[in-house]
Every structure is written in structure tokens, then in C-alpha cells.
Amino acid sequence: MARKLSFKMAINEALDLEMRRDPSVILLGEDIVGGSGAPGEKDAWGGVLGVTKGLYAKHGNRLLDTPLSESAYIGAAVGAAACGMRPVAELMFLDFMGVCFDQILNQAAKFRYMFGGKATTPVVIRAMVGAGFRAAAQHSQMLTPMFTHVPGLKVVCPSNAYDAKGLLIQSIRDDDPVIFCEHKNLYGHEVDVPTEAYAIPFGEANVVRDGKDVTIVSYGLTVHRAMDAAAALSRQHGIEAEVIDLRTLSPIDWDTVIESVENTGRLVVVDEAHPRCSIATDVAAYVAQQAFGALKAAPQMVTAPHTPVPFSPTLEDLYIPTAEAIAGAVLRTVPHALAA
Amino acid sequence: MPEPTPSALSNNPIPLPKDQLLEAYRTMRTIRDFEERLHVEFAKGDIPGFVHLYAGEEACATGVMMHLTDIDRIASTHRGHGHCIAKGVDVGEMMAEIYGKETGSCRGKGGSMHIADLSKGMMGANGILGAGAPLICGAGLAAKFRGDGGVGITFFGDGAANQGTVLESMNLAAIWNLPVIFVIENNGYAEATSVTYATAVDSYVDRATGFGLPAVSVDGTDFFAVHKAAGDLIAKARGGGGPAVLECKMSRFFGHFEGDSQTYKAKGENEFNRANRDCLKIFADRVTAAGVVSEAEIALLDREVASLIDDAVTSAKAAPLPAARDLLSDVYVSY
């Protein structure tokens, strides 16, 4: 049975279901219970934005509030995973990778290869990503490319509540370390979500809109902007864009992207990350190499600029790729005859 | 490891039964010979990369590890051969790993700094200083959730004792009352920099006190001192009594890595340490003087270990190299 559920509550539900199913699943992070040791309510916060609210009442001490020591508790999650647990650690904001990256880069990501295939590290690190929250330069970044660059890590970034639930369940059941990126501006977004548990396999992109004229590839929040752009292009120019939501960035579903470009002959990649060495450059380069003959125009990229995320709403709104910018990029790929 | 019964210790000034003494000597001798042999083989140029030798510090790994079984986890360091051997990792596989061979502990993909055997509770030597401390908190957390009575031990040097990861982990272990022991192997040098320069407090015991952790500092050249202190702290942690810090003060007989000119050491320092701070010599003198172990028994162990190391080197040299396909395998469980 499905009902409308927010992105935030879909994550909460996925955690709840997996904790019921598997006693080795534990949660740790800063204020994921909230109020530990304080005189007020024990389950005061349930995460800084309430994503884990109510889980303490259901699962008690399998949720652990941590000190503000990201290296220690992310590392503890990695170590516990190597010892047979399935920890889900919340890093709060992915920007905080700066204080604990060694445990992700040199420990979790390396164990299996470095130990000759003898280690399994099923840890999930959940964190908020993305701009638009007026949270400025250190709480707003889309750092997905930093993680896709690292062999041994899987990187997930859902665009809606249905995918968030299914991909988080898959992340917890997966035997490799997973960086699970939650766009904070999607937390309130609702779609139909089944009540039961289901897993969405990694490496399977979702074609969220069919179209014959151009392929728009994106992930996370900007999938919605790409859909807005596609609707406007159809209405105003009769251009039918195919929109692909990658859902997972490592592994990435190259087949779906290539198949689409071979049909449309045009590619626009939309990425909230910075332009250099990004998901956008990765997809554009791969398509140029693998489907050069199918391309009718140079691939276009729509990304955040090569700047930190600004605070002032006026500037931040200019920072995030807009539907208008995406539509503009599409028009650059289309011959005047078709655009007319 | 069962505690010795009073009867077994009667008329015996040595606080351990004979089988454990022989086991301790065999382990320390194995580590020493492994490292001395690597020193020789490395100089020949047959070993890729670089190695960090544990010679001089054997009593620490051995005295701690004799209290552990395979359910107990350890997180080691770049200077990890001694920890591996004392935790029961196969010496032949270790040697093959250091030679970069397919038959190595990590199939030739880890090398000296990353030898691991999770089936033995050995969570890996580690090229990142201080990285084992958070990991061992996770091992302790897992043991606590499972209620299996396991403990976690992280080893690190006086240098890595200054890493934030170590300090964060001491606090985390304390507030969660984890069954974890932090073992500081204080050999006086962080690479080439003296502990007196790099560490603001005179004693790591004082630092542990700052985290509310009980701490003991022992002469790391005295196996019996390490064994006793580690035994007490591990038994307490295993029983739910929480984490602790153990500092072992000792000397490394070689440089930071093989090829280190060691010009930062005082003239004659290594010679002095080998003559006066050799944990193997101190141990052997004590048990033979007490008449508990004979010189002939020591000599027999020496011969057995020498043969074991010979075989390990011969096998490692003859072992196959990894196949080209191994470059791409085991990045993920599935991808």
C-alpha cells in the first residue's frame, strides 16, 4: 500500500524497517537521538532536522548520540562494520567530511582491496548535501564528485522519497561502504511511497521523462529543475527532452545514458557540484568517448560555478542551476530549425 | 588465557607457568628473527617499497597479545609485523605479502604496512598514524552489542599519540565505556623527532587522566611488567570495567624505516640499547637464572624459529607473483 510520504520520513521509515529486520543495524551520529544526558526530553531532536525522530522510542540504545568527534565516530562505524555490524552513521552535513575523511578515504574504501578481498565493510554514511538552505559555504556543498573519485566507495543521491527509501534499504543491505547523500531541500518533498520494505538496486538510472530530441542527465534536486526545463521546452519550443535521474553515482548506469543519447543525439548534464572534475564532466567525457558518432551537437554542462556557496539569498539563487539555465543549455544543442 | 594456579607457581619466582614462558619466548624470538632477517633481505633490494621494523619492541606486542583470543580485535600501525605475529597471523603468508606475492596475507595487494587477518582478529597494520584508534572503538562497540566478551586493542606510537583521532577516540571509548585498551608504544621517536620535543606533557598517564581513563606506564623491555599490566587492564575491560591506557617505554633497534640513516640518534645509542634494553635477552636471562627454563630449551626454540623464518623467506621468494587480473579484483564485494 502506498501513501504520500516526505523524503525525510521515507528515510526514517527505511531505517526503522531495516532495524526491525536486522539486529546488526545500529545508528550513530550527532544528536540523532538528541538530548542525551540533558535534563529535558531524551528523544528531543531525532537529528538536527528530525530525520531520525521517533526511532529511539522504537529501538532504544541501538541509536547512539556521539560527541562532536567525527573522526572517532565515523571511524568507529567503519570499525564496527569490519567486525560484522551494519552501522548507519549520520555525518549531518557532508561538508564535515573535512574532519573525518581519512576514515572514509584510507580506511573504509581501502579495506577490501588492501586486505586481498578478505574484509567486508558494510557501513552507510548518511549526510545532507546541497545548496538553497541559506546555510552558506560550509553547510551547502554538493561534494559527490569527491567520493565518486574514490574506488571502494559507493555513492547514492536520490531525488525523491520513493527512491530515498529503496536506495537507503539497499545501502544498508549492501556489503560495501556507501555514502548516502540527502538533499536537504528535498526533505519536505512528498511522493507515493509503499509502506513495505523494498530495495532499489544500485547502478540503475531512472528515465523520469521520455523524449526524442535531447537527453538531460542529472541527480538529486536538479532532477526537478530538469523536469521543469523539459516541460517549458515542450510547451515553448516543441522540444521533447528525455530526463535521466542517475540515482546512484557510483556505480553509475552508463548503459541507460548511452542508449538515450544514441536516440536523441544531444546531451545536457546538470550537476549541482562545481564544474571541474564533476559528475557533469564525467558523463560528458564518457558520452563523447563512447557515443561520439551519435552526437549531433557538443555536450553541454549546467553546474554550480567554481565558487564557494554564497550566503546572501540573492547570490545563492544564482549559484544553483535553474530550470532556465538548463533550458538554455538544451537550446544550444538544438539546430535553429528545430528550435523555431 | 587461564590464570596460573597457585600450585603451578609454587617455588617459582617467575609469575607464569612454563608453557606460557616458552610461548612468550617463541613469539618474541619469531618477531625478532623476522625483523632481523627483513633487515638483511631488504638491503639486498629484493623487497619492494619500504618496511618499518619492530625489533626491540617485542615484549609489548607479546605481553599484550598473550591475553587475547581470536574474538579479540587489534588495530595495528605501520610498524605492525610484531603485532601480526603475536596475534597469530601466519608468518609464511606475512613474508610472502612483504615480497608482494600472490600467496601473501593480502594476496600481495597490501604489503608490509597493510597486513591483516580478520579471522585472527587482526584488523590491519595501518599506514595512517592514529587511524586504528577510531576503528578499535568500532570493534569494541561491536563486541559490546554482541555481548561476546571481546576486547579491542589499538597500538600506536608516541608520535601518533598526538593525532586528533587518538584523542577523540579516548573520549569516545570513555563515554561509551567500551572494552578497549589504547597501547602507546613509546620508543622515543616520531620518525626522527623526539617525544620530548613533540609532546607537551611528560607522561602519557597524565594525558589519559584528562580523559578520565585509568593508565599504567611500564618498562616495555620487561615482558613480565607488560604482561601483568596488560592482563589487569584487559580483564577489567572484558568484565565491563571500561577502557584504559597502557604505555610501554622501549627502544627500536632500527631506524624509522629501512634505509633510515638514524643520524638523529645519539652516538652509540643502538649499541647501548641492544646491550642493555633487549627484551629478549632480559627475558631469557631471568627465566634461565630462575632455573625455570634451561639454556638448552632456549637454544632449541632459537633453532626452531630460525628454521621457520628460513622457510618463510625461501617460500616467499619462490611464490608466484599476483596475476594481472588481480589489479582489478576485490575493489568492491559487488559493483
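In this text, all values refer to a predicted model and were calculated from it rather than measured experimentally.

Some words on helix 4 (residues 101-108) of chain A
Of all the residues in helix 4 of chain A, the buried ones are Phe101, Gln103, Ile104, Gln107 and Ala108 of chain A. Summarising the contacts, the buried residues of helix 4 of chain A are in contact with helix 3 (70-82), helix 5 (111-114), strand 5 (124-129), helix 6 (144-148) and strand 7 (178-183) of chain A together with helix 6 (132-146) of chain B.

A word on the packing of helix 9 (residues 254-264) of chain A against helix 10 (residues 279-290) of chain A
Residues and elements named next belong to chain A. Interhelical geometry of helix 9 versus helix 10 gives an angle of 60° and a closest axis separation of 11 Å. It follows from the interaxial angle that helix 9 and helix 10 lie oblique. Of the two elements, helix 9 crosses helix 10, and the hand of that crossing is right-handed. Facing Trp254, Val257, Ile258 and Val261 of helix 9, the residues of helix 10 in contact are Asp282, Val283, Tyr286, Val287 and Gln290. For the contact of helix 9 with helix 10, the residue count by class is seven nonpolar, one polar and one charged.

Overview of the environment of Leu331 of chain A
In this structure, Leu331 of chain A sits in helix 12 (residues 323-333). In the structure, Leu331 of chain A is positioned 195 residues away from Ala136 of chain A in sequence and 31 Å away in space, judged by C-alpha atoms.

Section: the interface of chain A and chain B
At the junction of the two partners, chain A supplies 45 residues and chain B supplies 41 residues. When chain A packs against chain B, the two sides together hide about 3400 Å² of surface, and 66% of this comes from carbon and sulfur. At the boundary of chain A with chain B, the tally comes to zero salt bridges. Across the chain A-chain B interface, the total number found is 16 residue pairs in polar contact (both at pLDDT 80 or more). Per-element tally for the side of chain A that touches chain B: the top contributor is helix 3 of chain A, with ten residues. Split by residue class, the side of chain A that touches chain B holds 21 nonpolar, 15 polar and nine charged.

Description of the nonpolar core
In this structure, Leu91, Phe147, Leu246 and Val283 of chain A together with Phe182 of chain B are the most contacted members of the largest nonpolar core, which totals 129 residues. If one sorts the elements of this core by residue count, helix 3 of chain A sits on top with nine residues. Residues lining this core come from more than one domain, with at least three contributed by each of domain 1 (2-194) and domain 2 (206-339) of chain A. When near neighbours in sequence (up to four residues on either side) are disregarded, Leu91 of chain A contacts Glu70, Tyr73, Ile74, Phe96, Met97, Cys100, Ile125, Arg126 and Ala127 of chain A.

Remarks on the sheet that holds strand 7 (residues 244-249) of chain B
Residues and elements named next belong to chain B. An order of 1-2-3-7-6 is seen for the five strands of this open sheet, with the pairing classed as parallel. Of all the strands in the sheet, just strand 1 (73-75) and strand 6 (215-219) have a single pairing partner and so form its edges. Adjacent strand axes in the sheet meet at a mean angle of 20° when their direction is disregarded. Looking at chain direction, strand 3 (residues 180-186) and strand 7 are connected through six bridges and run parallel. By the bridge assignment, Ile184 is partnered in strand 7 with Glu247.

Parameters at a glance
Each chain carries its own residue numbering, running from 1 in the written order of its sequence. The lettering of chains begins at A and the numbering of ligands begins at 1, in the order of writing. Reporting in this predicted model follows two pLDDT cut-offs: at least 70 for local features of residues, and 80 or more for side-chain atom pairs to be given and counted; totals over whole chains, interfaces and linings ignore these cut-offs and use all residues. By convention in this description, side-chain values take in all heavy atoms of the structure and omit both hydrogens and water. Throughout, exposure labels follow a simple rule: accessible area from a 1.4 Å probe, protein chains only, divided by the maximum for the residue type, with under 20% read as buried, over 50% as exposed, and the rest as partly exposed. Elements are defined by DSSP. Helices are runs of H or I of four residues or more, strands are runs of E of two residues or more, and each kind is numbered from the N terminus. Residue contacts are defined here by distance: any two heavy atoms, one from each residue, within 4.5 Å place the two residues in contact. For helices, the fitted line uses only the C-alpha atoms of the stretch in contact; every axis is such a line through C-alpha atoms, and the angle between N-to-C directions lies from 0 to 180 degrees. Angles below 35 degrees are treated as roughly parallel, those above 145 as roughly antiparallel, those between 65 and 115 as roughly perpendicular, and all remaining angles as oblique. Should the near helix be turned anticlockwise from the far one by less than a right angle, the crossing is left-handed, and should it be turned clockwise, the crossing is right-handed. Any residue outside Ala, Val, Leu, Ile, Met, Phe, Trp, Tyr, Cys, Pro, Asp, Glu, Lys and Arg is labelled polar, Gly included; the first ten of those are nonpolar and the last four are charged. Buried area adds together the accessible area that both of two parts lose upon being put together, with accessible area traced by a 1.4 Å probe. A carboxyl oxygen of Asp or Glu within 4 Å of a side-chain nitrogen of Lys or Arg is what we treat as a salt bridge. We define a polar contact as two N or O atoms separated by no more than 3.5 Å, with the added condition that, inside protein, one atom must be a possible hydrogen donor and the other a possible acceptor, whereas residues neighbouring each other in sequence contribute only through side-chain atom pairs. The definition of a nonpolar core used throughout is a set of buried Ala, Val, Leu, Ile, Met, Phe, Trp, Tyr and Cys residues joined through side-chain atoms within 4.5 Å. Reported domain spans reflect what an automatic or database domain assignment gives. Note on pairing: DSSP must find at least two bridges between two strands before they are called paired.

Geometric descriptors of this kind do not, in isolation, establish any biological role.
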